[in-house]
Every structure is written in structure tokens, then in C-alpha cells.
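Coordinates in review
The chain contents come next:
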Amino acid sequence: MSRRRGNLAARDFLPIKILSLLSGDLEVCFRRTLVDQEQVEYFRGRVPASIRWPTALFDRRFWARLSVEAYDLVVFELSSAALGELLQMPAARSGFQFWAGPIWLRLPTATGVVLKDADRVEVEQAAQLGFDGLWTAPWQAADTLKRLKGALQRAGCRWYHIERYSRVRGLCRQVNRKRRQLRDKVDLLCRDLVNSNIQFTETLQDLQRVYDFQSSLVGEFDRRYMLYKALGGLKLHLSDSSAAIYLCNPGGFAAHVAAFQQPEIDNPADLEELFTKTVVKEVLRTGHCLLVRDAGTLTPISSEQQGLLGGWSLLGLPVAHEGRFIGVVVVYRQTGKEISESEKNRIKPLMRPLAHALDSLQKLEHVICTR
């Protein structure tokens, strides 16, 4: 391989290895022409009878079986009929590009063909098939070695362009691979930027919501009015919902805003008692939010009370300031869709300004009562 791909001028000092697939008198004549040449090593091969000729020229297994890479030139005979059959095959007419066309155009070994009793038209047709060497019998012995070297030079140039094209294709594949990697990185960066902007926008919206809610409570000194105002603000973010607030001091529900009427429960105090036994108790015990998809599964309440709350969706949120529980906000929805995690996360930040407002109001009430 390296000897064939090396400097073509070095062939003047190297023996040329020839594999001959000729037969009969044609092979004898060709061998006699080259046997006395010091720069030629002659090897004789044969085409197995099981192989259909000349279609075998388009079979990779045929060339692999010959081990053509061990030789500099492979020479064979083509009759007029075989030449016509080759010309009719699609693979021979697909062009002589390096990535297409006949197999012998993609071999590092030179290929030569001998035409016997061929006319000028057949010689031109054989030349169109792209063989590196072409002989017509009878030929002049003195001109044979020169034609051999010319075939090797053409094969060397052809192989040089094939390798160059392969390197260019490899470079293009590498560039395309890096381009795809860069595109993926840019896409990932763009997605991160978009997600960051979305998160930043959501954070701004949360801050604006908290600010508006806190601003609505500032300056209110009537506890009852402030609590109903706070529950009304919470309901703006939870459609078709009811809300109530439980205060640890003095202990009990201080405000309750219902969005619907419950026929089975005439007295809201009964409903608040159920909330105190279940949602409020659990939130004060754990200090975390409690979201119940179906209030009918709550304990400890009687089966009759569970039947009354069946299908309700409950949400309990702790109201704490500086590690001290001030109360619990209970939001519930009787009909429609359940309270979702996104709705819980939407109103959870509002508990902090509510706790701060209640703590400030309780301190003010304590100061007023002690004077």
C-alpha cells in the first residue's frame, strides 16, 4: 500500500508486480514480453469457472479474492461481447466519481485490459470505462513497459485524488459534527436563557403579588376588617373557593368567607369545628402546608362528617412569624376542579406578609390594652 501510494518516480527503481488473468496465446505473448524485464515481477492468476465474466468485475468479493492490493497492476482480457455487456451495466454508466462508479476506479491497484482484434470504436469505449492501462493485440514489445508505467502513474494520481477527497469528506464530517455540537450547545444555552427569563418573570410576578397583598393590609387597624380583606385577597388567586382563618390567640376562627352554601351544614361553626379537628390540628403539628384532594378521607371525624366533606378539596397553610404560629388559613373548594399544587404555590408566599400584619396588629392591641 505505502509503496503504491509513495512517490511515483521511485517506481523506476522498484519491481512492478503484475497479476495476469490472461489465458491462452494472449497470456503467453504478454508474459514473453515482460519476463525478461528486470523491473517486472510477473504472477499468473485465473478466473474461476464458477464466476460469471465480466459481471464479476462489479463484485467486491471477486477483487478481495484476488488480493489485488498485493500487486501493482491487474491485467485481464475483454472480448467485444464482454466489452458491450460492461457498457450496458448501470454501474459502468454511473460516472467516475470517487464515491460512485465501477469498483476498479476505487482500488489502490492499477487495472489494465487487453483487447484482441478490437477496432477504434471499441478502443474508445474501453477507454471510457476508466481502466488505467489499455493494450490491443498484437502490440509492440518495446512499448509494453512504458505503458505499464503510464498505467501505474494514472492509478497513483487517481488514488491520490481519492485519498484527498476522503480527507476532505472527513474534514467536512468533522466540521458538521462540531457544528451540530455547537448548535446543540447554543440550543441548550437558549433554552436555559428562556427558562431563566420565565423563572425570573414568575419571580417578579410573585413579588408583585406579595407586594400588592401586603400593601392592601398596611394601615388597617381593625382586626376583623383586615382579616376579611386578607381572605378576599386570597380568593382572587383561587377562583370558586372559600377561605377561613384560624387564630391561635384567642383560639378559633376569626373570619370566614364562603363562596357557596352547604345545605347539609347550616351553621358555619360546625364546618369550622371540623376544620379545627383536622386541617388546623395537622398544620399546627407539622408546621407545613397540607393539601387534601378529598376531604372525605380526613380523620378523626365521624363517618357522617366524612360523608358531608366527601369530594371537597382542602388546603391548609400555616401563618407564622419569627418561629411563632399565629394561625392557619384554610381554603376549600366544594365543586369544580381540585386545588392544585400550582395554586398552593401561588398563595403560599402571601402567608408571610399576612403573618407580619397580624403580629404587628396584635402588638398594637397589646400596647393599647396595657395602657
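Right above here is the structure, for reference.
Here the structure is a predicted model, which is why all the values come from computation and not from measurement.

Reading guide: rules and limits
Residues numbered from 1 in each chain as written. Predicted model: local features only at pLDDT ≥ 70, side-chain atom pairs only at ≥ 80, totals over all residues. Heavy atoms only, no water. Phe/Tyr/Trp six-rings, centres within 6.5 Å; stacked < 30°, edge-to-face > 60°. Buried < 20%, exposed > 50% of the residue type's maximum accessible area, 1.4 Å probe, protein only. Helix = DSSP H or I, 4+ residues; strand = E, 2+ residues; numbered from the N terminus. Pairing = 2+ DSSP bridges. Axes fitted to C-alpha atoms, helices over the stretch in contact; angles between N-to-C directions. Contact = heavy atoms within 4.5 Å.

With that settled, the discussion passes to the packing of aromatic side chains. On inspection of all chains with the given rule, the structure shows 13 aromatic pairs. Between tyrosine 246 and phenylalanine 253 the ring centres are 5.5 Å apart and the planes differ by 70 degrees, which places this aromatic pair in the edge-to-face class. Note on accessibility: tyrosine 246 and phenylalanine 253 belong to one class, buried. Relative to tyrosine 332, the ring of tryptophan 312 has its centre 5.4 Å away and its plane inclined at 5 degrees; by these criteria the two rings are stacked. A residue pair is termed long-range when its members are at least 10 positions apart, and tryptophan 312 in the loop between helix H9 (303-309) and strand E9 (313-321) and tyrosine 332 in strand E10 (residues 324-333) qualify at 20 residues. An aromatic cluster is built from Trp53, Phe58, Phe62, Trp63, Phe76, Trp104 and Phe131, whose rings are joined through pairwise contacts.

This part is about the sheet that holds strand E2 (residues 40-44). The strand order across the open sheet formed by five strands is E2-E1-E3-E4-E5, and the pairing between neighbours is parallel. Both edges of this open sheet fall to E2 and strand E5 (133-137), since each of them pairs with a single strand only. Neighbour-to-neighbour, the strand axes of the sheet open up by a mean angle of 25 degrees, direction not taken into account. Pairing analysis gives three bridges linking strand E1 (residues 16-20) to strand E3 (residues 73-78), with the strands arranged parallel. Within E3, the residue paired with isoleucine 18 across the bridge is leucine 73. Lying on the sheet, helix H2 (residues 24-34) is in contact with E1, E2, E3, strand E4 (110-116) and E5; it crosses E2 at an angle near 160 degrees. Most of the contacts of helix H5 (residues 120-128) go to E5, to which it runs at about 160 degrees, and overall it touches E4 and E5.

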